Each structure stands twice: as C-alpha cells, then as structure tokens.
Amino acid sequence: MEPNVSIETGCMIRIAVLPIGPIPQPQLRDYVSNLVRHRKVELSAISSFYTEHQKSPFANQPWDNNGSLRLKFMVGGSPSSPWEDFQSNRKILAVIGLCHCPSSPDLDVVAEQFSVACKSYSSALVQRCFAFCPGDYQLEDGGKKGNNLVLFPPADRQTQEFHLQTMMQDIAASLLMEFEKWVLRAESAGTILKTPLDSQASLNSEEVIKAKKRRLGRAQKTIGDYCLLAGSPVDANAHYSTAIELARLTGDYFWYAGALEGSVCALLIDRMGQKDPVLEEEVRYRYNSVILHYRKSFMQDNAQRVSPLSFELEATLKLARFLCRRELAKEVVELLMTAADGAKSLIDASDRLILYVEIARLFGTLGYQRKAAFFSRQVAQLYLQQEDCLSAISAMQVLAMTTKAYRVQSRSTIFKSLSNKEMGSSSADVGKVHLNSVVALFESQWSTLQMVVLREILLSSVRAGDPLAAWSAAARLLRSYYPLITPAGQSGLASALSNSAERLPSGTRCADPALPFIRLHSFPLHPSQMDIIKRSPGREEWWAGSAPSGPFIYTPFSKGEPNDNKQDLIWIVGEPVQVLVELANPCGFDLVVDSIYLSVHSENFDAFPMRVTLPPNSAKVIALSGLPTSVGQVNIPGCIIHCFGVITEHLFKDVDNLLLGAAQGLVLSDPFRCCGSPKLRNVLVPNISVVPSLPLLVCHVVGGDGAVILYEGEIRNVWISLANAGSVPVEQAHLSLLGKNQDSVISIAYDTLKSALPLKPGAEVTLPVTIKAWQLACADPDSATGKSSFGSMARAPPKEGSSPMLVIHYAGPVTQPEQSSSNGPSMPPGRRLVVPLQVCVLQGLSFVKARLLSMEIPAHVSEILPKPMFSESGNTEEIATSESRPDCLVKIDPYRGSYGLRLLELELSNPTDVVFEISVSVQIESPRNEDTTFIDRDAADFRYPKTRIDRDFSARVLIPLGHFKLPILDRSFLSKDSQTSEVSTSRTSGFSEKNMKAELNASIKSLISRIKVRWQSGRNSSGELNIKDAIHAALQTSVMDILLPDPLTFGFKLATIDSSKDSNTDDNLPSSKGSIFAHEMTPMEVLVRNNTREMITVNLSITCRDVAGENCIEGNKATVFWSGVLSGISVEVPPLQEIKHSFSLFFLVPGEYTLVAASVIDDANDILRARAKTDSPDEPIFCRGPPFHVSVVGNV
C-alpha cells in the first residue's frame, strides 16, 4: 500500500528528486520548495518543446482545452514496486538531481554521481541534473557535459524561477514524447506484463494459454495508464473500456478491477474536478465493483503468499476519500471500519501502518477526533514494536497528535492554537478557553485511557532520546493524575523527571508545569504608614473623597464607595512589594523547589526568587517579593518555578479552573484540600499600576512606641518623630484626627511641621502632641450613684480602637522630572500616614456625689455699701465697717447686698495607689455693662487651697459659685424668641419649655467651663478632672437661683454726713465704723435697683425687726420711731438704674435690729412672672430684699 492515495493518483507522473553531492539543508529546502510548485504543467506551455516524430497515439489530447501533465515529486526517491506493471503510475518515470555548485566544485564528479544514482531507476525515461549557483569556470565547463546537466547561473529569484519553469516544461515535453514512443511500441510489438500474483507458481500449459489470452487486455489497460499520464483522459477511457471487456472475457478479475479503477480516474480528470450527484453515484457504483473484483481475485487462490487485499483496501480508502464529507459521514465510516477490519489480514506490517494512518486522517477530516486518535495510537503501537530510534520518534510524533483528542495536550500546543486562531483575543476569552479545556478534560471520565496515552508518550520520548518531551509527559502525568498513582509510582515519575532534566541543558524551559500546585492567596494590604491616596488636581484638600489603594473590601477611611470586581492596586518605583501565594504538594515525596518567583511579563518589575521545601501531602503559604523599577502596568499571571531541573510557568488561572472543576465534581481531587489547606475564596488579580517614586514618612514615638499610661484627665505631651525615608521630598502635608476620643487631643504643633516643609529625603522633624486622658466608661452602674467600691483600682486594658489616631496626608512634587517623557499620570498620588496615639487610660479619682450648699449672712448698714475687691493674688478683700474680716470663701452678694455663701461640694474617692492633690480655680470675666453700682470686678483666676487625697481615701472639695450671677435679668435668657406677644395670649403668658431647657443647659455649660478642678500626683503627673456631669446634676434644679439676679435689688446705708463734721469725727468712734447711737435721729436711705431692661412700678415698704423677729415700728410696743414714709411708697424704677428713698429712724433701746425692704409689683411683665415662676397674669409679684443688720449702741 501507498500513503495518501486518491482516485486521481493514477494520472500523476512520479519524479524522483535526488540531492547530488553535499547540499546545505537551507539550500536544499529552498530548491525543493521551488521545484514542487510545478506539480502541474499545462500542455499549452510545452508545445514549443514538443516534437511529433510520428503520428501521436494520443489522438484526443486536449492541447488547447486546459490539458495538463500532473507531476508527483518523490524527494529522496523511492524503491521500485513489484506492482509497477499493474499500475504504471507507480513507476519512477523521471529523475531530477539537485546540485549546489559551491559545495560541489567538480562537475565531472557531479555528473558521475548523478549517473550512478539514475541506475537505480531503470524505468526513468527522462534524467536531468540541476546545478545551482555555478561559478564562472563551472559555467564554461558545464556546456561540455551534455544535456542532462543543467546549470542555473546566479540571478535574482524571479529569473531563477522562470529558468526552473522552463526546464520543467522541457522535462514534461520529453516525458510526453517518451510516452508516445512506449505506447506505439506496445501496440505494435506487444509486451509481457506480470504481477506478483502471476509468478507465485510454475505455469502449466493451460495457464500459459490463459496468459496469452490475457496479454492483450493487460496491454490495453497499461496503454490507458500512459494515456492518463499523458493528460488524455478520453484516449485513456477508450483503452480502459477495451481492457475491461477483454479482462471480463478471460476472467482476469484483478486486471479487470485495475482497468475499471483507471476508467474512474479518467472520468474525473475529464470532468475537471467537478462533482455532481450523477457523477458521484457513478463513481460509487464503479468503485464498489472494483472492490468486489479485487476481493474475487483474492478468493480464487487462497494459498497465495502475496495477497491483492492491499489493493482492495486501497480502493476502499480511495472511495472513502472521494465521499469524505459530513453529509455522507455514515457511509464513509462504514467504509473505513471495513478497511480497519481488513487490516488484520494484511501480511506486511508497513501496509497495516499505512492503512491506519490513512484511516486516522480520514476520520480527522470528518471531525471524528476520538476515532482518529484511536487509529493514531494503533500507528504509534506499530512504530513502538520496532526497536530503532526513528520509529520511536515517529511514535512520539503520532502520539503528540492524539493528545488534543484525549485532552492531554501540552500547554505549548494550546497556546499555539490559540495564537493561530485569534491573535487579538482578550484575557477573558483565554480564561474561558482554559475553563472549557479543564471541563472537557474530566467530563469524558477517560482518566485511565489518558494515563495510558501519557505513559506511551513518555516511553516513546525516552526511546527517541527526547528528554524535553519525556519531561513534559511525566509532568502532565504526575500533575493531572496523582490521585490515581500509587506513592511508588509518584516517586518513579519524580525520578523520570530528574533523569530527563539531567540530559537537558541548564535553564531549559517547559510549557507544562509539574509540581507544586500554586494559587494566589492574597495581596497584602498597604500598612497604615504606606497608604496611597489619589490626588485630586485643582483642589487644596487633594486627599478629600479618596480612599487608600489596595484590593481589600473595607477600610475605615472609605465612605461606602462601591467595590468593583477588580480592584486597583498601586505600587511605587523602588519600594519592595509582596504577594502571598499558597503551594501544595499532594504527592508522597519531599518536593524541593529550587527557586520560585513572580512571573511578570513586563520589564518594569524585578522579582526576587526563594527556595522552598514541601513535605509530603502538605501546603504552605509564602510571600514572594519584588521591586518595581519603572512606571507602567504590571500583570502577574502566575509564578516561575525551577523544580526537577526545568523552569516552568505556573498560571493562577489554571489552578482556579482546576478548583472550579473540583467544586463541580469534575476533577479527581482538590490538591489543596487533600493537603489540609482550608477553602479559600477566589482571589482576583487586581489591576496593578506602578507610579513614580513617592516620599515615605516613617514615624516613631520619642521614648518608645508603647502605650502612654495616663490617669483619667491627665495631660501630657507625646513627641512624635517623622522622618522622610523616601527619595522624594515632602512638599505638602496636612494633619487631622480620626477615631474615638478625638477631643482628648488638645493641641498639635502643625506649624512645626509646616515650617519644616519641604522635608527632604533623610530629614526629620519632631511634633509635640498634647493629650488629655479621657473619662473611662462606668463599668459598674452603681458608680454613678456613689456606691462603687473604692478599695480596688481598675487596671483593665483599654478597649481596642479607643485611642485617637493622627492622620497625616502628605505628597511630593506635583510633577516630577522623569514624567516629562513618560506616559505616566501628570500628578503622582499622595500618601496617608496613620499614627495611633496609643494611650492606656487608668481610672483616677472617681466621683462619689455632688451637692449644692448655700447660706446667707446679713450685711451691716453703714455709710457705704460693701464692695468686693480682688487683689492680684486672687484673694478677696472687703472694705466694710465691720472690724472683723470674713473668711475668703464668704463673699458679699452684689445682687442682694448680703453675704452669700454658695458652694458646690464634690466628694471624690481615690481608688488608685498614688496620692492626689486637688486644686480649684475659677475664671471670672468682667461684665460689659458699666451701669451697675453693686458689682465691680476685673477678670481674674481664683485659686483656692489644695486638697490632698491619699490612696483608698475620700475627700470633699468645695467649689464656690458666688461669682457666676448674671448682671441683668434679660428676656434673651428666658426665651430665644424675642418676638412680641401680640399673636396669642397663651403664648405671651409663658415661655417655651424647650427653649428654657436649651438656655439652662447653655448656662450650665458656660459655668462649668469657667471652673477648673486640677490634680497633681508626683512631679510629672498632672491633669484635670471632668466635673461636667457632677455640676450638671447638682445644679439642675437650682441653677435659676444661682445664675439669675432678682428683678429688684434692695440696699440700706446711712445718709451722707457733713464733711466738716466728718473731719472732726474720731476714727475710733463707733459711728465711723457703721454703728448707730440710740436716742438719736439717724437718717438712712434705701436703694432700689432695677435689674431688668424695662420700667418697673413698685409699692415699696420698709420693716424693722428686733432680735426676736418682732416688728418694732408698728404696734403698742414699738421701740423705734421714724420720720418719713415707710410703707405704701409707690415709685417707678428706671431700667438698669436705681432710686433712693430717704427716711430717719430713732432707736429707743440699744441692741441688734434688722432692716428689710420689700415691694409689690402690680403690673408685672412676662420676664418678672417667669423669674417668679408664676403663670397667673393677675397675681401680683412680691419682691423681698435681704436683711441688713443694724447695731444700735447706747449714747454715752
């Protein structure tokens, strides 16, 4: 049998192409490629070379009707066939030698070698030797060598091709003339034609007679063959018809089938390759008859050693190739399977090999890849039955073609087919192809068969001496089917990998990865010191609205931005980065990875390799690092592995598809799960872009990075050192706070940082941050009511995230020099540095309870009203007529005229193991209104004696509240709404309760802000107590009385004494000190001040009482006479002013008396009613002044 046969094979002229002398391989391939272009030579083109010596036997040759000679070049020649007489197209009818003149300078030797080579082809009718690139002396000498040596002088390619075309036309014309000679000789003299079927036994007389009768029919069949070779199908068909009739009459079935087969070829050649249903049916009918008669010739003599079965199978293949299309697939499959069954009866193994090859090709043409792969394996097994290296190489190549059908192809084949199919396919399309291939790999459940195929490839590769192919097959076998291989088999494959690698040069790469399995674990987040922030151009706050870059789901700095499927990750030139990957070794041997590093196809990233050892059935997460070197995009498809002596690339996408198949039950096993690794979510490779170098601030707390331990309320400076560790200066910086307890940061030295800009690389700046420890939340609800235990100290660690964070947004220059010629962004990003202010707050002084204390002491009536005066030291002095000086905590009430004592008492407990000293200071602001006479204060800061609280003890701290009275009773305090009350009577009769509470809370807050309770423990520990809640609770009910003045203020004083009399008065007399003599008329004045902004009409009355509280002016037992009016005094008091009313008293009995002034306000406005806490518009308002003490002495 012959390979690649078809019905049209019978019209092809075989020409042996032989290299003569040494020829370099590139030149030989070039000569052959130019030669095979002339497979078809038109008859019209050879007419100039054709000479008709006598009447041509080809009477119907189509010279002007697209007739042609078809040539088949047999490079290297072919051995002669014993069936050349039966089918003339099997003969080598011409020999062409190829010579490279520079390699063969002696043309005599070339001519001799060509002559010797032609002796092997006795059937050759034409012989030519083409000598290319001859030298000058060879051109001169070549003309003497005869017509068989044709020289091709050096020229351009077009000239060479034209020269070669001319020579081929000459050869075709010579062959045509030789065919005519042979046909004429055969018709006149006849010829004896034999086949191996005729020479198998000695011929008896009867067979000789039969052979003579058959000779004529066989001669007609052979003449028809030469007519086909000469390009005259009409003449060929006539001779074939004669041969068919003669063979049928003589019972020569074998030649009958041959003649019938030739007639089909002539029919197709005559139709010029056109196909129609009628022609197709005719061909099918005739070839079925051909196959039948070939089978008949075999059945006549079963003892033959040479069987015509190969011709029957060859005819079957020709018919199958003619009908081979999807519409007739069923019929073609039946023919091919019939031919496959006949392969068992073939004697020659080479015929069986050719048959399987042709069947595999035809199944592949139909698209039946699995059947084609099956017969290809049969071919490979026939090759493997031979022991030579070339057969092993052929088996390896044939098995490589079956890997696609069995889904075990090499990755290099996949990539090559993808690149040929779609050069511009996207990565998503490539991923889909990978996924489809993985699913198809396991959906067929061919695991055992696939292992067999890979094992055959491994065996053939080893025998062929191809270590790279052997390594690839062993890697695919071990990686894909390790669950089905015993530990001993796994170790054997590992040894095969190592042995193959020893025969490979160092640094050899293979497209098929072996072990380990690698999947992407995660991209580590940027640490808080290296967060990257996109800069918003044209905005002063360039960091606003941006979040740190990185592939993470949530960050405390983001504000709910939507997450895309693929995150953006920014890397910086010159700053090392890390990628976490997980390795798995599911086999039963120790796996040593000589080196592993990230696979980056771009040239702007340097990956750092590392060595890893994986025990059997284990997994490990490692960090692979690298360094971005230039601006651009970075794509990380996988890792580069140097293992088992070969370098391979492991793609993350392959493992993702493998795990997807395992989840769907399509894959044999999950290599990570069987190694005990937990299930990991699918990690997407983010879009990684590299930006130019950025500044890098590195911070540390001076004195150590540990938490600062503070007691509640303690104030301390924390020094933070910032150093620029980058290669770009810091030109912009902004400080802000984040997290809980931000109000605990009192101050930050932002000016210090701003003055240090630009902060050059290597420079350092230190910032002081003042922190006040916050109040711990009460763990025990009883502590708020004073029932907490004071014997133990709370030392629980602070809650995570309770400390504030200092956020520094900083950036380098807006544009950088290296960006002027690059395509990078015009504005490089900035950075965010988050500095946690680690503060551990311990419980300090705790409040037990707070209460308000008040007392009123009458003032003495003198010539002047007592006025408070404040010295620079902060102590209070009173100028009064009394010889004694009250304690500094007792202050004159400037709004009531009496000594008022209002104290806030705080009971504090010390549960710590240190001693605290408490100091109280009050900040007083001078009033803006200068119309008042009763107050005269300057802004001051009062400090009171310190209070010591030992450990595990309690103490009471008194906070005076005497200086917080408002100077004016104003409508704005009682209501925010100053509109008139003309809309409705109900609205004018009362004020909004909501506004009252708001004003009340605002007043309490203002009061609290002016009272400071500070503590000190030791030399360096000091702080401030948070008394807001305590004061607020204590003053909630009485703050109106504390803060608001009375509408009217009453005061008494002695009338002015004549200056001459005053000058003669001794300072030691009692009168000069405010005492009053009995039995003398004493002039006095009562002062009434209006503390509102509206006119008030009052009905004033004055009462004098003795020590028993009895009225000593009225009644039968009156002891005091008076002059003037003491009751029913109707006066109008202007707003924010005072009036005086004079009267005189005459005391009959010395002793202690008390003067009290009171008034009734009839027509009260809404302010007075609100201050008096009454809602009735008709109810009069009664105002009573404080008692004034009068000391009456006897007259000496």
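The rules behind these values
Residues numbered from 1 in each chain as written. Predicted model: local features only at pLDDT ≥ 70, side-chain atom pairs only at ≥ 80, totals over all residues. Heavy atoms only, no water. Helix = DSSP H or I, 4+ residues; strand = E, 2+ residues; numbered from the N terminus. Buried < 20%, exposed > 50% of the residue type's maximum accessible area, 1.4 Å probe, protein only. Areas by Shrake-Rupley, 256 points an atom, 1.4 Å probe, with all protein chains shown as cover. Polar contact = N/O pair within 3.5 Å; in protein donor to acceptor, adjacent residues only side chain to side chain. Contact = heavy atoms within 4.5 Å. Expected span 1.5 Å × (residues − 1). Salt bridge = Lys/Arg side-chain N within 4 Å of Asp/Glu carboxyl O. Pairing = 2+ DSSP bridges. Axes fitted to C-alpha atoms, helices over the stretch in contact; angles between N-to-C directions. Phe/Tyr/Trp six-rings, centres within 6.5 Å; stacked < 30°, edge-to-face > 60°. Lys NZ or Arg CZ within 6 Å of the ring centre and 35° of its normal. Core = buried A, V, L, I, M, F, W, Y, C linked by side-chain atoms within 4.5 Å. Domains from an automatic or database assignment. Parallel < 35°, antiparallel > 145°, perpendicular 65-115°, else oblique. Left-handed = near helix turned anticlockwise from the far one by under 90°. Nonpolar A, V, L, I, M, F, W, Y, C, P; charged D, E, K, R; others polar. pLDDT = per-residue confidence, 0-100.

(A) Spatial organisation of the overall build of the protein. Scanning the protein from N- to C-terminus turns up 27 helices and 50 strands. Across the 1196 residues in the protein, those meeting the buried criterion constitute 49%. Roughly 58,200 Å² of accessible area belongs to the protein as shown, and the carbon and sulfur atoms make up 51% of that amount.

(B) A look at unusual backbone geometry. Following Leu 515, the chain continues into Pro 516 via a peptide bond in cis, with omega recorded as 0°. Secondary-structure assignment places Pro 516 in the loop between strand 7 (509-510) and strand 8 (517-522). Although it is not a glycine, Asn 4 adopts a positive phi angle of roughly 55°. Along the chain, Asn 4 turns up in the segment before strand 1 (12-20). Even without being a glycine, Cys 133 presents a positive backbone phi close to 55°.

(C) Structural view of the side chain of Thr 648. Along the polypeptide, Thr 648 turns up in strand 18 (residues 646-651). Within the structure, the side chain of Thr 648 is placed 3.1 Å from the side chain of His 650, a separation counted as a polar contact. Residues in contact with Thr 648, not counting those within four places in the same chain, are Trp 471, Cys 510, Asp 512, Pro 513, Cys 639, Ile 640 and Ile 641.

(D) The arrangement of helix 12 (residues 369-384) in detail. In this model, helix 12 (16 residues) spans 22 Å end to end at C-alpha, consistent with the 22 Å of a helix rising 1.5 Å per residue. For helix 12, every residue scored as buried is listed here: Ala 372, Ala 373, Phe 375, Ser 376, Arg 377, Gln 378, Val 379, Ala 380, Leu 382, Tyr 383 and Leu 384. Against helix 10 (329-342), helix 11 (349-366), helix 13 (389-402) and helix 16 (447-464) lie the buried residues of helix 12.

(E) Focus on the pattern of salt bridges. The full count for this structure, using the stated rule, is 33 salt bridges. The shortest N-O distance in the salt bridge between Asp 30 and Arg 157 comes to 3.1 Å. Here Asp 30 is found in helix 1 (residues 25-35), whereas its partner Arg 157 is found in helix 4 (residues 157-189), with 127 residues between them in sequence. Note that Glu 314 and Arg 90 form a salt bridge whose closest N and O atoms lie 3.2 Å from each other. Note that Glu 314 is positioned in helix 9 (residues 309-323) and Arg 90 in the loop between strand 3 (68-75) and strand 4 (92-100), a separation of 224 residues in sequence. Arg 90 matches Glu 314 in its accessibility class, with the two residues each being buried. What emerges from the salt-bridge pattern is a single network uniting Glu 280, Glu 281, Arg 284, Arg 325, Glu 327 and Glu 331.

(F) Examining the environment of Pro 686 more closely. Topologically, Pro 686 is positioned in the loop between helix 19 (652-663) and strand 19 (687-691). The spacing of Pro 686 and Val 634 is 52 residues in sequence and 9.7 Å in space, taken between C-alpha atoms.

(G) Structural context of the sheet that holds strand 24 (residues 745-748). The antiparallel open sheet is built from four strands, whose spatial order is 20-22-25-24. The open sheet terminates on both sides in strands that have one partner only, identified here as strand 20 (697-701) and strand 24. For this sheet, the mean inter-axis angle between neighbouring strands, taken without regard to orientation, is 25°. Across nine bridges, strand 22 (residues 715-724) lies against strand 25 (residues 764-772) in antiparallel orientation. Its bridge partner being in strand 25, Ile 720 is matched across the sheet by Leu 767.

(H) Highlighting the sheet that holds strand 47 (residues 1138-1147). Ordered by their spatial adjacency, four strands build an open sheet running 41-43-47-45, and the pairing between neighbours is antiparallel. Either end of the sheet is taken by a strand with one partner, and the two such strands are strand 41 (1048-1054) and strand 45 (1120-1123). Across the sheet, the mean angle from the axis of one strand to that of its neighbour is 30°, orientation sign disregarded. Across four bridges, strand 45 lies against strand 47 in antiparallel orientation. For Ser 1123, the partnering residue across the bridge sits in strand 47 and is Ser 1144.

(I) Inspection of the packing of aromatic side chains at higher detail. Tallying each qualifying case throughout the model produces 28 aromatic pairs. With 4.2 Å between their ring centres and 15° between their planes, Tyr 31 and Phe 132 make a pair best called stacked. Here the residue Tyr 31 occupies a position in helix 1, and Phe 132 occupies one in strand 5 (residues 126-132), the gap between them amounting to 101 residues. Ring geometry for Phe 374 against Phe 375: centres 5.2 Å apart, planes inclined by 80°, an arrangement best described as edge-to-face. For Phe 375, a relative accessible area of 5% gives the class buried. Taken together, the ring pairs in this structure connect Trp 83, Phe 86, Phe 254, Trp 255, Tyr 294 and Phe 311 into an aromatic cluster. A cation over an aromatic ring shows up here: Lys 221 above the ring of Phe 86, its NZ or CZ 4.6 Å from the ring centre. Against the face of Phe 672 rests Arg 519, its NZ or CZ located 4.1 Å from the ring centre.

(J) Geometry of the nonpolar core. By size, the foremost hydrophobic cluster in this structure holds 182 residues, and its most contacted members are Leu 98, Phe 130, Trp 571, Val 581, Ile 596 and Ile 636. If one sorts the elements of this core by residue count, helix 4 sits on top with 13 residues. When residues of this core are assigned to domains, at least three fall in each of domain 1 (9-188) and domain 2 (509-528 + 568-690). Apart from the residues lying within four places of it in its own chain, the contact partners of Ile 636 are Phe 523, Trp 571, Val 579, Leu 598, Ser 599, Val 600, Phe 652, Val 685 and Ile 688. Judged by nonpolar contacts, the second largest core, of 38 residues, contains Phe 1052, Ile 1076, Ile 1113 and Val 1192.

(K) Region of interest: the packing of helix 17 (residues 467-481) against helix 18 (residues 487-502). The N-to-C vectors of helix 17 and helix 18 enclose an angle of 155°; their axes lie 9 Å apart at closest approach. Relative to helix 18, the element helix 17 lies roughly antiparallel. When you trace helix 17 past helix 18, the crossing you get is left-handed. Taking contact as the criterion, the partners of Pro 467, Ala 470, Trp 471, Ala 474, Ala 475, Leu 477 and Leu 478 in helix 17 are, on helix 18, Gln 490, Leu 493, Leu 497, Ser 500 and Ala 501. Partitioned by chemical class, the residues of the contact of helix 17 with helix 18 number 10 nonpolar, two polar and no charged.

(L) Structural view of the packing of helix 11 against helix 12. The N-to-C vectors of helix 11 and helix 12 enclose an angle of 160°; their axes lie 8 Å apart at closest approach. Overall, the two elements helix 11 and helix 12 adopt an arrangement that is roughly antiparallel. Here the hand of the crossing between helix 11 and helix 12 comes out left-handed. Counted together, Ala 349, Arg 352, Leu 353, Tyr 356, Val 357, Ile 359, Ala 360, Phe 363 and Gly 364 of helix 11 and Gln 369, Lys 371, Ala 372, Phe 375, Ser 376, Gln 378, Val 379, Leu 382 and Tyr 383 of helix 12 form the full contact between these two elements.

(M) Quick peek at the confidence of the model for the protein. For the protein, per-residue confidence averages 78 on the pLDDT scale, and residues scoring 70 or more make up 78% of the total. Element-level pLDDT for the protein is lowest in strand 32 (residues 876-879), with a mean of 36, against a maximum mean of 94 in strand 14 (residues 610-614). Long-range and interchain partners of residues 422-435, a stretch whose pLDDT sits below 50, account for 12 contacts in this model, where long-range means more than four residues apart. Segment residues 438-444: pLDDT under 50, and 13 contacts once partners within four positions in sequence are set aside and those in other chains are kept.

(N) Layout of the pairing of strand 40 (residues 1021-1024). Summarising the sheet, strand 39 (residues 1011-1017) and strand 40 pair through four bridges and their orientation is antiparallel. Each residue of the ladder has a partner; that of Trp 1015, found in strand 40, is Gly 1023. Taking the residues between adjacent antiparallel strands as the criterion, strand 39 and strand 40 are bridged by three residues, where Gly 1018 takes a positive phi near 75°.

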